[in-house]
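Take a look at the letters that make up each chain.
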Amino acid sequence: MKTTDDLTTRIRDAKLRLLRMHFESRCGHIGGNLSCLDILMTLFHGTMKEADRFVLSKGHAAGALYTTLWSLGVLTDDDLRTFHKDDTRLGGHPSPHHLPQIPFATGSLGHGLPLACGIALAEQLTGGRGRTYCLLSDGEWQEGSNWEALIFAQQRRLPLTLIVDSNGLQGFGRVSDIAGHAEISDKFRSFGVPASEVAGHDIWALRDVFADLQLGTRAIVAQTHKGSGISFMEDRMEWHYLPMSEELYNRAVAEVLGDVRKELKAA
């Protein structure tokens, strides 16, 4: 486990690189990427072991996954410059066959958890020691396939951790206004799945909840903000779609760097 100070610096660098990558590619979905970046960085930089596997069910957050892999040295700056371009390995949604860290094409919501169940079942049947982690959106729990997968995972006690990026927004509005699921942690528990809630941008809290390894299947609901850390993006539905102009990109970078200056001054 890296120290929290080291991880904080890595997350800051990853956020800057994520903003730049999305600006250069002129593509959207930056809000949902920022809501889960802290989760991915904490998971990959201190929790997951070599035998563990990861499935990004909310595939529109591929940029956050690519940036996390960049922070690990798996991807280079040259790789990230091809994001969302022709003939790239790094599409707007992840595609398989290019990187061992991306086993499936995902982004058709409701498919990632069933696929993660398959990986976890294979690990269980072959006597492996790896755990499978699956990151899902909160709006994704409007899909019946997830609840079917949850029943299967709990029945088999699969070595599986599902993490819900609960930012409260989806493509056409607030999750609560479209097909909400209040107290989703209680719903998980009613299926017999232990569930924890955590502040999804608090890396200390994330580190602790990830370290609390339990046997079988468990759920973690991370309370997050779409566009986290960028004032004009936070909790704004339009940043599910919008690309950044040069002016807005510069504002976003200045806000991230402003946090750095404040921390240095306080020290």
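This structure is a prediction, so every number in the text was calculated from the model and none was measured.

Caption draft 1: Here's a closer look at the overall build of the chain. Helices and strands together make up the secondary structure of the chain, namely 10 helices and seven strands. For the chain, whose C-alpha radius of gyration is 18 Å, the value lies close to the compact-globule estimate of 18 Å for 267 residues. Across its three principal directions, the C-alpha atoms of the chain cover 50 × 45 × 40 Å. A buried classification covers 53% of the 267 residues belonging to the chain. A fraction of 73% describes how many contacts in the chain between residues 6 or more apart in sequence connect residues 24 or more apart. For the chain, the exposed surface amounts to about 11900 Å²; the carbon and sulfur share of it is 52%. Considering the chain, the positive charge centre built from 28 side chains and the negative charge centre built from 33 side chains are found 3 Å apart.

Caption draft 2: Examining the side chain of Ser196 more closely. The residue Ser196 is located in strand β6 (residues 195-199) in this model. In this structure the side chain of Ser196 is engaged in a polar contact, spanning 3.2 Å, whose partner is the side chain of Arg218. Dropping the residues within four chain positions of it, Ser196 is found in contact with Ser185, Val209, Arg218, Ala219, Ile220 and Val221.

Here is what the cut-offs are and how they apply
- Residues numbered from 1 in each chain as written.
- Predicted model: local features only at pLDDT ≥ 70, side-chain atom pairs only at ≥ 80, totals over all residues.
- Heavy atoms only, no water.
- Helix = DSSP H or I, 4+ residues; strand = E, 2+ residues; numbered from the N terminus.
- Rg over C-alpha atoms; globule rule 2.2 N^0.38 Å.
- Buried < 20%, exposed > 50% of the residue type's maximum accessible area, 1.4 Å probe, protein only.
- Contact = heavy atoms within 4.5 Å.
- Areas by Shrake-Rupley, 256 points an atom, 1.4 Å probe, with all protein chains shown as cover.
- Lys, Arg positive; Asp, Glu negative; His and termini not counted.
- Charge placed at Lys NZ, Arg CZ, Asp CG, Glu CD.
- Polar contact = N/O pair within 3.5 Å; in protein donor to acceptor, adjacent residues only side chain to side chain.

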